[in-house]
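Listed below are the residues making up each chain.
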Amino acid sequence: MRSVYLDCQATTPVDPRVLEAMLPYFAERFGNAASRGHRFGWEAEKAVDRARRQVAELAGADPREIVFTSGATESNNLALKGAAEAYRNRGDHLIAVTTEHHAVVDPVRHLERMGWRLTMLQPGPDGLLDLDRLAAAIEPATVVVSVMHANNEIGVVQPIAAIGALCRQRGVLFHSDAAQSFGKIPFDVDAAAVDLASVTAHKIFGPKGVGALYVRRRVELAAQMDGGGHEAGMRSGTLNVPGIVGFGAACAIAREEMAEEARRVTRLRDRLLARLTAALEGVAVNGSLESRLPGNLNVRFAGIESSALVTALPDVAVSTGSACSSAIPEPSHVLLAIGLSPTEARSSIRFGLGRFHSEEDIDFAAGRVIEEVTRLRTRRPAGSPMG
Ligand SMILES: *Cc1c(COP(=O)(O)O)cnc(C)c1O
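Residues numbered from 1 in each chain as written. Predicted model: local features only at pLDDT ≥ 70, side-chain atom pairs only at ≥ 80, totals over all residues. Heavy atoms only, no water.

As a further point, take the domain arrangement of the protein. Taken domain by domain, the protein consists of domain 1 (4-11 + 258-378) and domain 2 (16-253). Between the C-alpha centres of domain 1 and domain 2 the distance comes to 27 Å. Between domain 1 and domain 2, the residue contacts involve 29 residues of the former and 35 residues of the latter. Between domain 1 and domain 2 lies a buried interface of about 2600 Å² when both sides are counted; carbon and sulfur atoms form 58% of it. Among the residues of domain 1 in contact with domain 2, Met 258, Leu 293 and Arg 355 are the three that bury the most area, contributing 25% of the side total. At the surface where domain 1 touches domain 2, the tally comes to zero salt bridges. Taken together, the links from domain 1 to domain 2 amount to 13 residue pairs in polar contact (both at pLDDT 80 or more). Those elements that provide at least two residues to the side of domain 1 that touches domain 2 are α7 (241-279), β10 (296-301) and α9 (333-337). If you tally residues by element for the side of domain 1 that touches domain 2, the top one is α9, at four residues. Its residues placed into classes, the side of domain 1 that touches domain 2 shows eleven nonpolar, 14 polar and four charged. (Domains from an automatic or database assignment. Contact = heavy atoms within 4.5 Å. Buried area = accessible area lost by both parts, 1.4 Å probe. Salt bridge = Lys/Arg side-chain N within 4 Å of Asp/Glu carboxyl O. Polar contact = N/O pair within 3.5 Å; in protein donor to acceptor, adjacent residues only side chain to side chain. Helix = DSSP H or I, 4+ residues; strand = E, 2+ residues; numbered from the N terminus. Nonpolar A, V, L, I, M, F, W, Y, C, P; charged D, E, K, R; others polar.)

Below, the structure written as structure tokens:
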């Protein structure tokens, strides 16, 4: 059976070029990058140094500002809890957005339980955060503002340069979860004026279980993992050398190919949407289409239960919400936050396109979705609402 993977916001396959770069570091060059006394350690350290430069270059950062972690979840935890602990003397207030990934929402909720005051800002119906709202929410006691760059469900890209400039002007730290944007659209730590930024390899055709936190020079963090003092003491633990090498390779490829790839993936995304809207009534895009990642399309189909649609489409891998929460039958917190009703949220599907998709893949997927939506709608019991 032909099947198409269209869930690139959940994860991506490892690019064969990335895999090739990683392979020698499993068995042949297996050294511990912290072993200073022999060739095995130096070889690993050299590979990590190169990867650190590759990650830094893609973000416009200095390699010394890159802390390797196990992924964006850990980076978000380290950034938020680490900054809260290090700067407790500055205040007791945090700001985040209701459409953030759970890997930001849960750490800030944790800090709230530890006594921090938390303001969760509501974005507009297009998913975009209003700058005036943010400006009004910043208090003298605000320590950190956390606003993601691109949303993992609706792909909406926040105006982080303006947000960063505002935070800098008001003297508060700015953290951004850039897991979805890094490597797909330009993300530059100075242009965005971020102090902290979370990125991960597996969303950009690198391996799972490796990521990084960008930490601006002179920004302090309390380590959340104590031990051998790796990564300038901010994150102890023997480095995942093959993973880090793969992350570096993925960043180098993204840097070369991002502009061309973004154009191509945007064309495919627009083709998918055009096919769906030409063939079906009651198709609506969730969130801003203009300020959006190239490879994201989140749409709702009136009268359709998205879980039924996903079940009817074993040959098209899509998501009904964020992958982390789709086991729970709750409607997506992101879709509710941008003003959808629970019924509308439950009729939404996320398509995630990427590097390896062809026009044939998109046409096949569109055809199958159209077929199944039509079938489900005709099966719908008479008189039930098209909600
Ligand atoms: C995938 C993702 C994460 C989690 O990253 P992991 O590397 O899987 O821990 C966090 N934030 C966003 C926006 C994501 O898309």
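Following the structure, the description resumes.
Orientation of α7 relative to helix α11 (residues 359-379), taken along the N-to-C sense of each, is 25°, at an axis distance of 10 Å. The angle between α7 and α11 places the two elements in the roughly parallel class. Considering how the two elements wind past one another, α7 and α11 form a crossing that is right-handed. Each of Leu 268, Arg 271, Leu 272, Arg 275, Leu 276 and Ala 279 in α7 lies in contact with α11, whose residues at this interface are Glu 359, Ile 362, Asp 363, Ala 366, Val 369 and Ile 370. (Axes fitted to C-alpha atoms, helices over the stretch in contact; angles between N-to-C directions. Parallel < 35°, antiparallel > 145°, perpendicular 65-115°, else oblique. Left-handed = near helix turned anticlockwise from the far one by under 90°.)

Under the definition given, this model contains four aromatic pairs. Judged by centre distance (6.4 Å) and plane angle (85°), the rings of Phe 182 and Phe 187 are edge-to-face. Taking relative accessible area as the criterion, Phe 187 reaches 5% and is therefore assigned buried. Arg 39 extends its terminal NZ or CZ atom over the ring of Phe 40, reaching a point 4.5 Å from the ring centre. Over the ring of Trp 116 we find Arg 88; its NZ or CZ atom is 4.8 Å from the centre of that ring. (Phe/Tyr/Trp six-rings, centres within 6.5 Å; stacked < 30°, edge-to-face > 60°. Buried < 20%, exposed > 50% of the residue type's maximum accessible area, 1.4 Å probe, protein only. Lys NZ or Arg CZ within 6 Å of the ring centre and 35° of its normal.)

Another aspect to go through is helix α2 (residues 39-59). With 21 residues, α2 should reach 30 Å at 1.5 Å per residue; the first-to-last C-alpha distance of 30 Å fits that figure. On its buried side, α2 packs onto β2 (66-69), β8 (211-215) and α7. Trailing α2 by a residue or two, Gly 60 shows a phi angle of about 65°, which is positive. (Expected span 1.5 Å × (residues − 1).)

Around the ligand sit Gly 71, Ala 72, Thr 73, His 101, Met 148, Asn 152, Asp 177, Ala 179, Gln 180, Thr 200, His 202 and Lys 203, and that is every residue in its neighbourhood. Between the ligand and Ala 72, the relevant distance is 2.9 Å, taken from an oxygen atom to a main-chain nitrogen or oxygen of the residue. Gln 180 has a polar side-chain atom sitting 2.7 Å from an oxygen atom of the ligand. Considered on its own, the ligand offers 390 Å² of accessible surface; in the complex 88% of this is hidden by protein. Looking at the shell around the ligand, its residues break down into three nonpolar, seven polar and two charged. (Near = heavy atom within 4 Å. Areas by Shrake-Rupley, 256 points an atom, 1.4 Å probe, with all protein chains shown as cover.)

Closest axis-to-axis distance for the helix α3 (residues 72-86)/helix α4 (residues 102-113) pair is 9 Å, and the angle between their directions is 25°. In terms of their interaxial angle, α3 and α4 are classed as roughly parallel. Viewed along their axes, α3 and α4 form a crossing whose handedness is right-handed. Residues Thr 73, Asn 76, Asn 77, Leu 80, Lys 81 and Ala 84 of α3 form the contact with α4, whose own contacting residues are Ala 103, Val 104, Pro 107, Val 108, His 110 and Leu 111. Broken down by class, the residue content of the contact of α3 with α4 amounts to seven nonpolar, four polar and one charged.

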